[in-house]
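# Breakdown of the fold
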Amino acid sequence: MRVLLVEDDAELAEGICAFLQGQGDIIEVENDGMAADRRLQQENFDFALVDVGLPGLGGYEVVRRIRNRKQALPVIIITARDALDDRIYGLDLGADDYLAKPFQLAELTARMRAVLRRGGHTETQRIAFGPLTLDTEGRLAELEGQPLALTAREWELLEALATADGRTVPKEKLQAEGSGNAVEVYISRLRPRLEPAGLLIRTVRGFGYRLELANPPRPNAG
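Residues numbered from 1 in each chain as written. Predicted model: local features only at pLDDT ≥ 70, side-chain atom pairs only at ≥ 80, totals over all residues. Heavy atoms only, no water.

Note that strand β11 (residues 199–204) and strand β12 (residues 208–213) share 6 bridges and pair antiparallel. By the bridge assignment, L200 is partnered in β12 with E212. Counting the residues between successive antiparallel strands, the hairpin from β11 to β12 contains 3 residues, one of them, G206, with a positive phi of roughly 80°. (Pairing = 2+ DSSP bridges. Helix = DSSP H or I, 4+ residues; strand = E, 2+ residues; numbered from the N terminus.)

If you want it as structure tokens, here you go:
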């Protein structure tokens, strides 16, 4: 899994990263709530572990924003706040579980597995990439919160590019997934509609295309 760990305790974050990476997961760390929220809007993760006491934006608010965006992302709150009212508040905001510090790393991973077994979040039906949101179940697209009308072929291409999460998609794959019409024609139609919102479809010569933000946020050194 690709996991976003939002934790400002460097020592704890290092320990969690080492443990989860040892199990084959890909772990990325943010130590600032605002930076984490930006990444959760622009990238696809399979799981989020969120501390409450964060600089920039508190962990409760990070969780609230995830759920307000209708992101079907499994979330566990990890925090030193273990009062009953705190646990109830975090769960009511939409967290799937709440784990009080200090905890054993084996328990953390057991709880992650339990959340995934319960289902409901294992198949994300919304893809967010910067100002673009795709509802893959309803095949609806929004750009900067406004409906974006797409033909069936335009949808197929945009979904493939957004799902790749900034990675280059081979032209052959885009061609194979479609109706056989030239990819270039549809890319040329999409570009002028996306660019005013700061989304670029970049041509990687000899290989394919990738979706990029015109002004991506600077990475946080967490």
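After that view of the structure, there is still more to cover.
Moving on to the sheet that holds strand β2 (residues 26–30). With parallel pairing, 5 strands are arranged side by side in an open sheet as β2-β1-β3-β4-β5. Single-partner strands in this sheet number two, and they are β2 and β5 (97–100). Adjacent strand axes in the sheet meet at a mean angle of 20°, parallel and antiparallel pairs treated alike. Here 4 bridges tie strand β4 (residues 75–79) to β5, and the two strands are oriented parallel to one another. Bridging across to β5, I77 finds its partner in Y98. Seen against the sheet, helix α3 (residues 59–68) touches β3 (47–51), β4 and β5 and runs at an angle of roughly 175° to β4. (Axes fitted to C-alpha atoms, helices over the stretch in contact; angles between N-to-C directions. Contact = heavy atoms within 4.5 Å.)

If you walk across this open sheet you meet the 3 strands as β10-β12-β11, and the pairing is antiparallel. Looking at the sheet topology across the chains shown, the edges are occupied by β10 (169–170) and β11. Packing against the sheet, helix α8 (residues 183–194) makes contact with β11 and β12, and its axis sits at approximately 150° to β11.

Before going further, it helps to examine the UniProt feature "domain: Response regulatory" (unreviewed entry) in the chain. Under the feature "domain: Response regulatory" (unreviewed entry), the UniProt entry names residues 2–116. Here residues 2–116 runs as 48% helix and 21% strand, with 13 Å between its end C-alpha atoms. (UniProt positions renumbered as here; feature names shortened; annotations may be inferred.)

Moving on: the confidence of the model for the chain. Taken as a whole, the chain shows an average pLDDT of 85; of its residues, 91% reach a score of 70 or greater. Within the chain, β3 carries the highest mean pLDDT (95), whereas helix α7 (residues 171–177) carries the lowest (76). In this model residues 120–124 is a low-confidence stretch, pLDDT under 50, and it forms 10 contacts with partners more than four residues away in sequence or in other chains. (pLDDT = per-residue confidence, 0-100.)

Under the defined criterion, the tally for this structure stands at 1 aromatic pair. Measuring from ring centre to ring centre gives 4.9 Å for Y60 and Y89, while their planes differ by 85°; the resulting arrangement is edge-to-face. In this pair, Y60 is assigned in helix α3 and Y89 in helix α4 (residues 84–93), connecting sequence segments 29 residues apart. Sitting over the ring of F45, R2 keeps its end group 4.2 Å from the ring centre. (Phe/Tyr/Trp six-rings, centres within 6.5 Å; stacked < 30°, edge-to-face > 60°. Lys NZ or Arg CZ within 6 Å of the ring centre and 35° of its normal.)

This paragraph deals with the domain arrangement of the chain. For the chain, the assigned domains read domain 1 (2–120) and domain 2 (126–213). Computed over C-alpha atoms, the centres of domain 1 and domain 2 are 29 Å apart. With 7 residues of domain 1 at the interface, the matching set in domain 2 holds 9 residues. In this assembly, domain 1 packs against domain 2 so that about 650 Å² is buried in total across both faces, 39% of it on carbon and sulfur atoms. If you sort the residues of domain 1 by the area they bury against domain 2, Q41, Q42 and N44 come out on top, with a joint share of 66%. In this assembly, domain 1 and domain 2 are joined by 1 salt bridge. Two residues, R2 and D165, come together in a salt bridge whose shortest N-O distance is 2.8 Å. On inspection of domain 1 and its partner domain 2, the count reaches 3 residue pairs in polar contact (both at pLDDT 80 or more). Partitioning the side of domain 1 that touches domain 2 into residue classes produces no nonpolar, 3 polar and 4 charged. (Domains from an automatic or database assignment. Buried area = accessible area lost by both parts, 1.4 Å probe. Salt bridge = Lys/Arg side-chain N within 4 Å of Asp/Glu carboxyl O. Polar contact = N/O pair within 3.5 Å; in protein donor to acceptor, adjacent residues only side chain to side chain. Nonpolar A, V, L, I, M, F, W, Y, C, P; charged D, E, K, R; others polar.)

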